[in-house]
Amino acid sequence: LLVRLGITFLTMLVVYILAKTVPYYSNTVQDATLIMLVTGFAAFTISCFFISVYSDSIEAIYMTYLVDKERGDSCRECPGELRDFLDEVDKQENEGTL
Amino acid sequence: MASLMQNYSLVLFSIPIAIIIALFFMLLIRCCASTFIYLLIFLAISALIGFGVYLLVSPTNPAGSATGSAGTIAVAVICFVFAVLILVLLCCFRKRIALATSIIKVAANFIASHCLIVLLPVLLFVVTLIFLTVWVLQTLGFYSLGVPYTTAHQYPFAHFQITAWIQVLFAFHIVYLLWTLMFLIETSTFIVGGAATNWYYGREDPYSEASQKYLKKHIGSVVFGGIMLALLGLLRLIYEVLVPQQGGDGEKSCWQKCCNCLCCLCNKLFEWFTTGAFTIINIRGTPFCPSGEEALSLKLGNPGTSSVVAVVQAVLPCLSRFFRCWCGWGSPS
């Protein structure tokens, strides 16, 4: 909820600043309440979409890692950050056995 | 309203601004994933200890569930035991927590490098809105199939007597609504999951490949996953209609709470099954049920990391819940 609200409030803040500082908007916007409400709704929806995609990606990457691990070659094809971690684990395990 | 119509460009500006801020948050999560997870664990332990101490110090039991000081002390002890258990698990699963952190960072990296994939749920949301409009029009059409009748003091529009076969038609129409909504939600899950899997294996154009694979080979699996989720939702709907949610004294009885909890558990398990199945389908191309079984067995084989990943996913609010609530079929949780 913090991420969603954070994105929503920051977007509303930026739009509010735009409405107050850009000459065209500062002249035409008399009451910014409705604009802020619509902006807040749009930003909230977009933050929800982002978090949903992020959640699905975490799930998919985790499952792919598990499939690779079961196959026995989890280090070969995985992305850099994960490979670094797995290399470090391997290194620690080798040091432990030595 | 006139001000809004005149400055609609300001509202349109908010969309790219929100996307840029969301990307910034992705970057933040990528940099602070481990801090985030350890903060969650610290908060859980603090909450348990704090609640336990509060129960011991407070003269009355705030929850009101346990009676007398013995019950309060027992609940406080359980809180302390849980806190110690989490601490022990933290020590034992430190490496698995680090693995979960890496996976979360990698996922943030994927989103940051393919931020346009967010447009897919946006597109499906628009499709859902169009579908809902058509569905409502169809419903009105079915209503008008009834026999027209007039009574005294009726509203100034046509009234129709709904016959039994129209009621059956309505029932099928509701199944059709749920099925299509679930299909659209699962389509997003399948393609995003497929793109993430392709990216993991270093494919050149992960999103296009996932979309093509979905359209050419696996649309049936998504339809099947959709109907399973729709049937689960339908069962819950029937349960909520048939069983009154409030008892005589205005509170839910124990067995109603148990049934709600069971429904919630079934839904979560099936969501888990479906999402895992889609990833396995994307990797191996196997049918839905064997893929789900494999995904479940893989997750159950790695309980430590699976728990941490699941907790982070639960903490991160997702649109699917918003989507379902918005469409009138709330998630059990």
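The structure we're discussing is the one just above.
Treat the numbers as computed from the prediction; the structure is a model and nothing was measured. (Residues numbered from 1 in each chain as written. Chains lettered and ligands numbered in written order. Predicted model: local features only at pLDDT ≥ 70, side-chain atom pairs only at ≥ 80, totals over all residues. Heavy atoms only, no water.)

A. Layout of the overall build of chain A. Regarding its fold elements, chain A presents four helices and zero strands. Going residue by residue from the N terminus, the α and β elements of chain A occur as α-α-α-α. Taken over 98 residues, chain A has a buried fraction of 51%. Considering only contacts in chain A between residues 6 or more positions apart, those separated by 24 or more positions represent 46%. Accessible area of chain A: about 4,900 Å², with a carbon and sulfur share of 60%. (Helix = DSSP H or I, 4+ residues; strand = E, 2+ residues; numbered from the N terminus. Buried < 20%, exposed > 50% of the residue type's maximum accessible area, 1.4 Å probe, protein only. Contact = heavy atoms within 4.5 Å. Areas by Shrake-Rupley, 256 points an atom, 1.4 Å probe, with all protein chains shown as cover.)

B. Spatial organisation of the overall build of chain B. Within chain B, the secondary structure is distributed over eleven helices and two strands. Sequence-ordered secondary structure for chain B, helices as α and strands as β, is α-α-α-α-α-β-β-α-α-α-α-α-α. Evaluated residue by residue, chain B yields a buried proportion of 41% over its 333 residues. In chain B, the proportion of contacts linking residues at least 24 apart, taken out of those at least 6 apart, comes to 68%. Total accessible area computed for chain B in this model is approximately 17,800 Å², and 74% of it derives from carbon and sulfur atoms.

C. Examining the packing of aromatic side chains more closely. Overall, the coordinates contain ten aromatic pairs over all chains when judged by the stated rule. An aromatic cluster is built from F190(B), Y214(B), F224(B), F270(B), F273(B), F278(B) and F288(B), whose rings are joined through pairwise contacts. (Phe/Tyr/Trp six-rings, centres within 6.5 Å; stacked < 30°, edge-to-face > 60°.)

D. Molecular detail of the pattern of salt bridges. Applying the stated criterion across every chain yields a total of four salt bridges over all chains. In this structure, E70(A) and R284(B) form a salt bridge, with 3.7 Å as the shortest nitrogen-oxygen distance. Taken together, the residues E70(A) in helix α3 (residues 33-71) and R284(B) in helix α8 (residues 254-284) connect one chain to another. A salt bridge links E294(B) to R284(B), with the shortest nitrogen-to-oxygen separation between them at 2.7 Å. (Salt bridge = Lys/Arg side-chain N within 4 Å of Asp/Glu carboxyl O.)

E. Spatial organisation of the environment of T8(A). Residues and elements named next belong to chain A. Its place among the elements puts T8 in helix α1 (residues 2-21). Considering only alpha carbons, one finds T8 and D87, 79 residues apart in sequence, at a separation of 39 Å. Apart from the residues within four sequence positions on either side, T8 is in contact with G40, A43, F44 and S47.

F. Summary view of the interface of chain A and chain B. Opposite the 62 residues of chain A that make contact, chain B presents 71 residues. Carbon and sulfur atoms make up 76% of the area that chain A and chain B hide from each other, which totals about 6,300 Å². Interface area lost by chain A to chain B is led by F49(A), F50(A) and Y54(A), which between them contribute 13%. One can count two salt bridges joining chain A with chain B. The set of elements that each furnish at least two residues to the side of chain A that touches chain B consists of α1, α2 (23-28), α3 and α4 (80-97) of chain A. No other element matches the 34 residues that α3(A) contributes to the side of chain A that touches chain B. The class makeup of the residues in the side of chain A that touches chain B is 39 nonpolar, twelve polar and eleven charged. (Buried area = accessible area lost by both parts, 1.4 Å probe. Nonpolar A, V, L, I, M, F, W, Y, C, P; charged D, E, K, R; others polar.)

G. Representation of the side chain of D56(A). If you trace the backbone, D56(A) turns up in helix α3. In this structure, D56(A) is in contact with T189(B) and V192(B), ignoring residues within four places of it in sequence.

H. Highlighting the nonpolar core. Counting 84 residues, the largest nonpolar core has Y54(A), I61(A), Y65(A), L82(A), I103(B) and F110(B) as the members making the most contacts within it. When residues in this core are grouped by element, the largest group, 17 residues, is from α3(A). Counting five residues, the second-largest nonpolar core is a separate cluster that includes F131(B), L132(B), L177(B) and L181(B). (Core = buried A, V, L, I, M, F, W, Y, C linked by side-chain atoms within 4.5 Å.)

I. A look at helix α7 (residues 206-242) of chain B. Between its first and last C-alpha atoms α7(B) spans 46 Å; for 37 residues at 1.5 Å apiece the expected length is 54 Å, and the helix comes up short by more than 12%. H218(B) marks the point of greatest bend in α7(B), at about 85 degrees. (Expected span 1.5 Å × (residues − 1). Bend = angle between axes of the 7 residues up to and from the residue.)

J. Quick look at the packing of helix α6 (residues 164-200) of chain B against α7(B). Residues and elements named next belong to chain B. Remark: α6 packs on α7, axes separated minimally by 6 Å, with the N-to-C direction vectors making an angle of 140 degrees. Overall, the two elements α6 and α7 adopt an arrangement that is oblique. α6 and α7 meet at a crossing whose hand is right-handed. Classifying every residue of the contact of α6 with α7 by side-chain character gives 22 nonpolar, six polar and three charged. (Axes fitted to C-alpha atoms, helices over the stretch in contact; angles between N-to-C directions. Parallel < 35°, antiparallel > 145°, perpendicular 65-115°, else oblique. Left-handed = near helix turned anticlockwise from the far one by under 90°.)

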